[in-house]
Amino acid sequence: MTDIAVREGRPEDWPAVAALLAELGRPEALGTDLEDDLRRVYERYLDRPDTVALVAEVDGRVLGFCDMELRTRLNFAEPQAWIPDLVVEEAERSRGAGRALLARAEEIARERGCWGMSLESATWRDRAHAFYVREGWTDSGKAFSKPLTDIPWPPTPRP
């Protein structure tokens, strides 16, 4: 894929971002009773000084998304960058958009003085895990979760 542009997310990117997050297994937002509320959550996220939302686009069409939070960790003077989401449309994967998003996120983390970066990936996303290793990341731990509502998380793996 050529001519991938990575830029900061904007409010008008919401429909594409919501669809991409659904590809990750997040609850559907578009066309639901919660869509307006979830759009506002996204817009507030864009306004936070400790977050960055990036989109990858080709010819003006958003096909990838990455968000990053700068979080304080005890006994560190500088923040750590944490990527809760990195997703590229399934049909567009392995063409450079994920690499471009990750590279831009790293640039921003370095510019903001972060001591390191971390991310989480669902256990069944073997292809994503291989991508992260190719990009210089280390498999360094496990994540545990406990749902506190009837919303299943993590979601059931897709076939």
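Residues numbered from 1 in each chain as written. Predicted model: local features only at pLDDT ≥ 70, side-chain atom pairs only at ≥ 80, totals over all residues. Heavy atoms only, no water.

**So, the environment of Glu92**
Keep this limit in mind: Strands are runs of DSSP state E lasting at least 2 residues, helices are runs of H or I lasting at least 4, and numbering of each runs from the N terminus. Burial classification: accessible surface area is computed with a 1.4 Å probe over protein chains only, and a residue below 20% of its type maximum counts as buried, one above 50% as exposed, and the rest as partly exposed. N or O atoms within 3.5 Å of each other form a polar contact, as long as, within protein, one can give a hydrogen and the other can take it, and as long as residues adjacent in sequence are counted only when both atoms are side-chain atoms.
As for its position among the elements, Glu92 is in the loop between strand S4 (80-88) and helix H3 (97-111). Residue classification places Glu92 among the buried residues on the basis of a relative accessible area of 14%. For the pair formed by Glu92 and Phe76, sequence separation is 16 residues and the distance between their alpha carbons is 38 Å. A polar contact of 3.1 Å, which involves the side chain of Glu92, links it to the side chain of Arg61.

**Notes on the state of the cysteines**
The line we're drawing: A pair of sulfur atoms, both from cysteines and within 2.5 Å, is called a disulfide here.
Here the structure, examined in full by the defined rule, presents zero disulfides. Considering cysteine sulfurs only, Cys114 is the nearest to Cys66, which forms no disulfide, with 13 Å between them.

**A word on helix H4 (residues 126-134)**
Definition in use: Think of the arc as the fan of directions from the helix axis to the C-beta atoms. In what follows, a contact means two residues having at least one pair of non-hydrogen atoms within 4.5 Å.
Among all positions of H4, only Ala128, Phe131 and Tyr132 are buried. In a view along the axis of H4, the buried residues occupy a sector of 95°, so they form one face of it. Across from the buried face of H4, at angles greater than 90 degrees, the exposed residues are Asp126, Arg127, Val133 and Arg134. Elements that come into contact with the buried residues of H4 comprise S4, H3 and strand S5 (116-119). Where H4 ends, the next residue or the one after it, Gly136, has phi of about 95°, a positive value.

**Remarks on the nonpolar core**
Where a protein is soluble and globular, its nonpolar side chains tend to be buried together. Note the following rule: Put simply, buried Ala, Val, Leu, Ile, Met, Phe, Trp, Tyr and Cys residues joined by side-chain atoms within 4.5 Å make one nonpolar core.
If you look at the biggest cluster of nonpolar residues, it comprises 24 residues, and the most contacted ones within it are Met68, Ile83, Leu86, Leu101, Leu102 and Tyr132. Listing elements by their share of this core, those giving two or more residues are strand S2 (51-58), strand S3 (61-71), S4, H3 and H4. No other element matches the six residues that H3 contributes to this core. Not counting residues up to four positions away in its chain, the partners in contact with Met68 are Tyr45, Asp50, Thr51, Val52, Ala81, Trp82, Ile83, Pro84, Ala105, Ile108, Ala109 and Met117.

**Observations regarding the sheet that holds S5**
We apply this condition: Two strands form a pair only when DSSP identifies at least two bridges running between them. Axes, fitted as lines to C-alpha atoms, cover a helix only where it is in contact. Angles between the N-to-C directions of the axes lie from 0 to 180 degrees.
Strand order in this open sheet of five strands is S1-S2-S3-S4-S5, and the pairing throughout is mixed. Of all the strands in the sheet, just strand S1 (5-8) and S5 have a single pairing partner and so form its edges. Across this sheet, the average inter-strand angle for adjacent strands is 25°, counted without regard to direction. Judged from the eight bridges that link them, S2 and S3 form a sheet pairing that is antiparallel. Within S3, the residue paired with Glu57 across the bridge is Val62. On top of the sheet, H3 reaches S1, S2, S3, S4 and S5; it is set at about 165° to S4, its chief contact.

**A short note on helix H2 (residues 35-47)**
For clarity, the threshold we go by: Between the first and last residue of a helix there are one fewer steps than residues, each counted as 1.5 Å, and that sum is the expected span.
The end-to-end C-alpha separation of H2 is 19 Å, in line with the 18 Å expected for 13 residues at 1.5 Å each. Contacts from the buried residues of H2 go to helix H1 (14-23), S2, S3 and S4.

**Quick notes on the pairing of S5**
Under the convention used in this document: Viewed with both strands pointing away, a crossover whose connecting path from the first strand over the helix to the second turns clockwise is right-handed.
Sheet topology places S4 next to S5; four bridges connect them, and they run parallel. In the sheet register, Gln80 faces S5, and the bridge partner there is Gly116. Handedness of the crossover joining S4 and S5 through H3 is recorded here as right-handed.

Spatial relationships are all this shows, so hold off on functional conclusions.
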